[in-house]
Amino acid sequence: MPMRGNPSKQPLILIVDDDEAHRKLFAEVVQSLGFRTMEAASAAEAGQRMAQEHPALVLLDVRLPGKSGLEFLPELRKNHPEIPVILITAYGDVREAVEAMKIGAVDYLLKPVDLEELETAILDHVGRADELATTSRLPPLPSHVVCVSAAFQKVLETAYLVAQSEAPVLILGPSGSGKEVVARLIRDWSSRREGPFVAANCAGLPESLVESELFGHVAGAFTGATADRIGYFRSAHGGTLFLDEIGELPLTVQAKLLRALETGEIIPVGSEKPVKADFRLLAATNRNLEELVKTGRFREDLYFRINVVELTVPPLKERREDILPLAEFFGRQFARQPVRFSPQAMAALLSYHWPGNVRQLRNAIQRACLLAQGNIILPEHLPPELAALASSAQEVTREFEVGRLSAVERATILSTLAECGGNRTLAAKKLGISRRALIYKLKALEALSPSNRSGPSE
């Protein structure tokens, strides 16, 4: 990923970790912030590298071969007291990490490392936050991906950072929130973009056939197995395997998945011969895997193996700026032409809590397009639970918007637009937001305007 400015003048950050996948992943994050990176797999190698070039910061893993990170820290602080050190530690080592801060570590991060937290820690101690605050690191999104809200943009920015690594990614979020959309973007941004993307819904696989569906089988392995089957893992060879609802896998299959991740080999049902499978794993779930681990329904070692990077897709109710853009996108898709929503319909869409998330919104707009038989969507075209809100939705949404868009912010948006002669592109640039974000803020304000309200006057 290209760095801004003169590379030779960029601060250098040393990453000390014996796991190559972790080093490469952290390097991607560091380089995306505009820094150079230097890597070491042990304390001894770190000491040698620091004798050659002085880093601005050290990311130090606690568990290293030979001399541990905690043993190396006093030596590092003695020889380089001016260099801040951030420890990377597992949960069980927190007490030791806190003690280490007393002897010179400036911070510690828990595994699996939250990449946004890592960015913040780096910027806090090296100092580039002001320069990066308004910089989006997202490439242009495909037309079918709608992202206006800051909450979803943060998820996609992290996804873009991790895409170039081979590290497994665990995507969390409620059902229907768009976890597979994020998974497909990771594949599209990765070096495996030309390879297959194989998606398997673990919850939808018959329990008696889960192992066969995933790992394949040889002819004669069981009754009905009349021919060889390669399974999802080998179908994803050279590409990406997406296991949705991974928390539903039986424990016996979890053990074989762990082996496949550790060895890069799978054993088809009915065979004793391992078969190579080159894949990058992306997993998703709407369940709390930590709770499943505590109750013995999910293997702890597998949880940590698939959770190198964790992304959480927020529910639609927490990314309300995306509701109208998504509604318009689905409207164009189903009506085969641009659609318009009445102010009452817009207000109902914005005020609804969307328990089914994006999937529910898509179904609601499909229904509306069928009933409207045109390009104007009215409240009566929406599902009953939304149509019932139409009479009070504007007032509810007004209260929500007043809390989210303060009077100062609304005045700033409108005055900036007036200053720019109505030019939305220029106004968005001055406000530091995207043009699409400005358009949908204006639409929301228009829907909430008293002049657009229908029904009896008060």
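Up top you'll find the structure we're talking about.
Residues numbered from 1 in each chain as written. Predicted model: local features only at pLDDT ≥ 70, side-chain atom pairs only at ≥ 80, totals over all residues. Heavy atoms only, no water.

Asker: Honestly, the overall build of the chain in this entry has me stumped. Any pointers?
Answerer: Secondary structure summary: the chain contains 21 helices and 14 strands in total. Buried positions account for 49% of the 458 residues belonging to the chain. In the structure as shown, the chain presents an accessible area of about 21700 Å², 50% of it carried by carbon and sulfur atoms. (Helix = DSSP H or I, 4+ residues; strand = E, 2+ residues; numbered from the N terminus. Buried < 20%, exposed > 50% of the residue type's maximum accessible area, 1.4 Å probe, protein only. Areas by Shrake-Rupley, 256 points an atom, 1.4 Å probe, with all protein chains shown as cover.)

Asker: Would you mind going over helix 2 (residues 43–52) with me for this structure?
Answerer: Three or four residues apart is the spacing at which side chains of an α-helix point the same way, because the helix has 3.6 residues per turn. If you check which residues of helix 2 are buried, you get A43, A46 and M50. Buried residues in helix 2, looked at end-on, bunch into an arc of 55°, giving them a common side. Of the exposed residues in helix 2, the ones pointing more than 90 degrees away from its buried face are A44, Q48, A51 and Q52. Turning to helix 2, the residues buried within the fold contact strand 1 (12–16), strand 2 (36–40), strand 3 (57–61) and helix 3 (69–79). (Arc of directions from axis to C-beta. Contact = heavy atoms within 4.5 Å.)

Asker: It is not clear to me how the packing of aromatic side chains should be interpreted in this structure. Could you clarify?
Answerer: Taken as a whole and judged by the stated rule, the model has 7 aromatic pairs. Ring centres of F197 and F242 lie 6.0 Å apart, and the angle between their planes is 25°; on these two criteria the pair is classed as stacked. With F197 in strand 7 (residues 197–201) and F242 in strand 8 (residues 239–244), this residue pair connects regions lying 45 residues apart in the sequence. Neither residue differs from the other here; F197 and F242 are each classed as buried. Ring pairs connect the aromatic residues F215, F233 and F279, which therefore count as one cluster. Here the basic side chain of R319 rests over the ring of F152, its NZ or CZ set 3.9 Å away from the ring centre. (Phe/Tyr/Trp six-rings, centres within 6.5 Å; stacked < 30°, edge-to-face > 60°. Lys NZ or Arg CZ within 6 Å of the ring centre and 35° of its normal.)

Asker: Please clarify how the sheet that holds strand 8 should be interpreted in this entry.
Answerer: In sheet architecture, strand pairing relies on hydrogen bonds along the backbone and comes in two forms, parallel and antiparallel. If you walk across this open sheet you meet the 5 strands as 7-8-11-6-12, and the pairing is parallel. With partners counted over all chains shown, the strands left at the sheet margins are strand 7 and strand 12 (309–312), one partner each. For this sheet, the mean inter-axis angle between neighbouring strands, taken without regard to orientation, is 20°. By the bridge criterion, 5 bridges tie strand 8 to strand 11 (residues 279–285) in an arrangement that is parallel. Looking at the pairing, T240 lines up with R280 of strand 11. Relative to strand 12, helix 7 (residues 150–163) is tilted by about 155°, and along the sheet it contacts strand 6 (169–172), strand 11 and strand 12. (Pairing = 2+ DSSP bridges. Axes fitted to C-alpha atoms, helices over the stretch in contact; angles between N-to-C directions.)

Asker: Help me understand the nonpolar core in this model?
Answerer: A general feature of soluble globular proteins is that nonpolar side chains tend to end up buried together. Membership of the largest hydrophobic core comes to 46 residues, with the highest contact counts inside it found for L59, L118, L156, V182 and I186. Looking at which element gives the most residues to this core, the answer is helix 7, with 7 residues. Residues in contact with I186, not counting those within four places in the same chain, are A159, A163, V169, I171, R280, L282 and L311. Counting 32 residues, the second largest nonpolar core, distinct from the first, contains F233, L258, A283 and I306. (Core = buried A, V, L, I, M, F, W, Y, C linked by side-chain atoms within 4.5 Å.)

Asker: Is there a simple way to think about unusual backbone geometry in this case?
Answerer: Note: most residues except glycine have negative phi, and most peptide bonds are trans. Even without being a glycine, R336 presents a positive backbone phi close to 60°. By secondary structure assignment, the location of R336 is in the loop between helix 14 (323–335) and strand 13 (340–341). Even without glycine at this site, W354 takes up a positive phi of about 50°. Position of W354 relative to the elements: it lies in the loop between helix 15 (343–351) and helix 16 (357–372).

Asker: Would you explain the packing of helix 1 (residues 20–32) against helix 5 (residues 115–126) in this entry?
Answerer: Following both chains from N to C, one finds helix 1 and helix 5 inclined at 55°, their axes separated by 10 Å at the closest point. Put simply, helix 1 runs oblique to helix 5. Between helix 1 and helix 5 lies a crossing of right-handed hand. Counted together, L25, F26, V29 and V30 of helix 1 and L115, L118, E119 and I122 of helix 5 form the full contact between these two elements. A class-by-class count of the residues in the contact of helix 1 with helix 5 yields 7 nonpolar, no polar and 1 charged. (Parallel < 35°, antiparallel > 145°, perpendicular 65-115°, else oblique. Left-handed = near helix turned anticlockwise from the far one by under 90°. Nonpolar A, V, L, I, M, F, W, Y, C, P; charged D, E, K, R; others polar.)

Asker: What's the story with the pairing of strand 3 in this structure? I'm lost.
Answerer: Within a regular strand, side chains alternate between the sheet's two faces. For strand 3, the buried fraction is high: 5 of the 5 residues fall into the buried class. Of the two faces of strand 3, the one lined by L57, L59 and D61 and the one lined by V58 and L60 are each fully buried. Examined bridge by bridge, strand 1 and strand 3 share 4 bridges and lie parallel to one another. In the sheet register, V16 faces strand 3, and the bridge partner there is L60. Here strand 3 runs beside strand 4 (residues 85–89); their pairing, made up of 4 bridges, is parallel. Looking across to strand 4, one finds that L60 is bridged to L87. Note that the unit made of strand 3, helix 3 and strand 4 has a crossover that is right-handed. (Right-handed = clockwise from strand over helix to strand, strands pointing away.)

Asker: Can you walk me through the sheet that holds strand 1 in this structure?
Answerer: One open sheet holds the 5 strands; their spatial order is 2-1-3-4-5, and the pairing between them is parallel. Strands with a single pairing partner mark the edges of an open sheet, and in this sheet they are strand 2 and strand 5 (107–110). Strand-to-strand twist across the sheet, computed as the mean angle between neighbouring axes with direction ignored, equals 20°. For strand 1 and strand 2, the ladder comprises 5 bridges, and the chain directions are parallel. Along strand 2, the bridge assignment pairs I15 with E39.

Asker: Help me understand the environment of R280 in this model?
Answerer: For R280, the position within the fold is in strand 11. We classify R280 as buried; its relative accessible area is 2%. Distance in space between the C-alpha atoms of R280 and L241 is 6.0 Å, their sequence separation being 39 residues. Filtering out sequence-adjacent residues up to four positions away, R280 remains in contact with V162, A163, S165, E166, A167, V169, I186, S190, R192, G239, T240 and L241. Reaching out from R280, the side chain makes a polar contact with the backbone oxygen of V162 at a distance of 3.0 Å. (Polar contact = N/O pair within 3.5 Å; in protein donor to acceptor, adjacent residues only side chain to side chain.)

Keep in mind that these numbers describe shape and distance, not what the molecule does.
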